[in-house]
Amino acid sequence: RRVQVLSVLGLGWATGRVVHMHYQPADSSEVHETDLHPYFIEPSAIGYATYVIGYARHAKDLRTFKVERILSAELTAESFVVPEDFDGPTLLQPAWGVMYGGKTQEVALRFVPGATRRVQESHWHPSQRLEACDDGGCILRLTISHPEEMRYWIRGWGPQVEVLAPGWLRQEMAREAREMARVYGEGQE
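Residues numbered from 1 in each chain as written. Predicted model: local features only at pLDDT ≥ 70, side-chain atom pairs only at ≥ 80, totals over all residues. Heavy atoms only, no water.

Peer 1: I would appreciate a short explanation of the overall build of the protein in the present structure.
Peer 2: Scanning the protein from terminus to terminus reveals 5 helices and 9 strands. The N-to-C order of helical and strand elements in the protein reads α-β-β-β-β-β-α-β-α-β-β-α-β-α. Each principal axis of the C-alpha atoms in the protein carries an extent, and together these give about 60 × 40 × 25 Å. Taken across its 189 residues, the protein has 39% of its residues classed as buried. Put simply, of all contacts in the protein between residues at least 6 apart along the chain, 57% involve residues at least 24 apart. (Helix = DSSP H or I, 4+ residues; strand = E, 2+ residues; numbered from the N terminus. Buried < 20%, exposed > 50% of the residue type's maximum accessible area, 1.4 Å probe, protein only. Contact = heavy atoms within 4.5 Å.)

Structure (structure tokens):
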């Protein structure tokens, strides 16, 4: 199904044809129907997912759909033209993944010395700035729209990372760490 859906979306994008689709959001068992003008298709390393961004008729606005949640897609005879001012890469530049728009925020993450080399050897985001710490650790600073999209990546570093900013993300990660400690029976042998 995914291959068929992606083929239809790709053909719609390449030929400027509207795609009629059925979509099931992650937080609902309801299936929604819409016509989409596929402007941009973006693969994501996070979860090895693929997203399509375009004008969704039901919303009368730009929307992002995870391809894996599209249940069916059919090419229509109706055509569309991508607006001249639409630039997918520029739209996503401040995003961590595919969540765009809104105000950007600085995210500051302190990594322990044992993780520093791994952090330094990768280019995580166009906005990244690295600062060395006296103890051999480092601080990674990024300017991101929708930092909540980083939560899964931050969790993957476990105790090797500490969120310094923004404060709301630090509080959320601390709350999750406390909940995990309860799940695993903190202090029990």
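Structure's up, so let's keep going.
Peer 1: I keep staring at the layout of surface pockets and nothing clicks. Help me out?
Peer 2: Space left empty within the atom packing is revealed by a probe, the size of a water molecule, rolled over the atoms. Looking at the largest pocket, its volume works out to about 540 Å³. Looking at the lining of the largest pocket, the elements with two or more residues in it are strand 4 (61-66) and helix 4 (151-156). Of the residues assigned to the lining of the largest pocket, the class counts are 8 nonpolar, 4 polar and 5 charged. By volume, the second largest pocket amounts to about 340 Å³. As for the second largest pocket, its lining consists of 16 residues, and the residues nearest its centre are A95, W96, G97, W124 and H125. (1 Å grid on protein atoms, 1.4 Å probe; cavity = no way out; pocket = protein on both sides within 12 Å on 5 of 7 lines; lining within 4 Å. Points joined across faces, edges and corners; volume = space filled by probe spheres on them. Nonpolar A, V, L, I, M, F, W, Y, C, P; charged D, E, K, R; others polar.)

Peer 1: Got a minute to help me understand helix 1 (residues 2-15) in this structure?
Peer 2: Because the α-helix completes a turn every 3.6 residues, residues three or four places apart line up on one side. An ideal rise of 1.5 Å per residue puts 20 Å on 14 residues; helix 1 measures up with 20 Å between its terminal C-alpha atoms. If you check which residues of helix 1 are buried, you get V5, V8, L9 and G12. Summarising the axial view, the buried residues of helix 1 lie within an arc of 95 degrees, below the 170-degree limit, and thus occupy one face. Structural note: helix 1 exposes V3 and A14 on the side pointing more than 90 degrees away from its buried face. (Expected span 1.5 Å × (residues − 1). Arc of directions from axis to C-beta.)

Peer 1: Would you mind going over unusual backbone geometry with me for this structure?
Peer 2: Most of the time, phi is negative for any residue but glycine, and the peptide bond is trans. Of note, the amide linkage connecting A165 to P166 takes the cis form, showing an omega dihedral of 0 degrees. Even without being glycine, K60 reaches a positive phi, approximately 55 degrees. With respect to the helices and strands, K60 occurs in the loop between strand 3 (49-56) and strand 4. One non-glycine residue with positive phi stands out, namely H146, at about 60 degrees. Tracing the chain through its elements places H146 in the loop between strand 8 (138-145) and helix 4. Its relative accessible area of 24% is what places H146 among the partly exposed residues.

Peer 1: What should I look at first to understand helix 5 (residues 167-183) in this one?
Peer 2: The end-to-end C-alpha distance of helix 5 is 24 Å, a good match for the 24 Å that 17 residues give at a rise of 1.5 Å each. Those residues of helix 5 lying buried are L169, E172, M173, E176 and A181. Buried residues along helix 5 sit against helix 4 and strand 9 (161-165).

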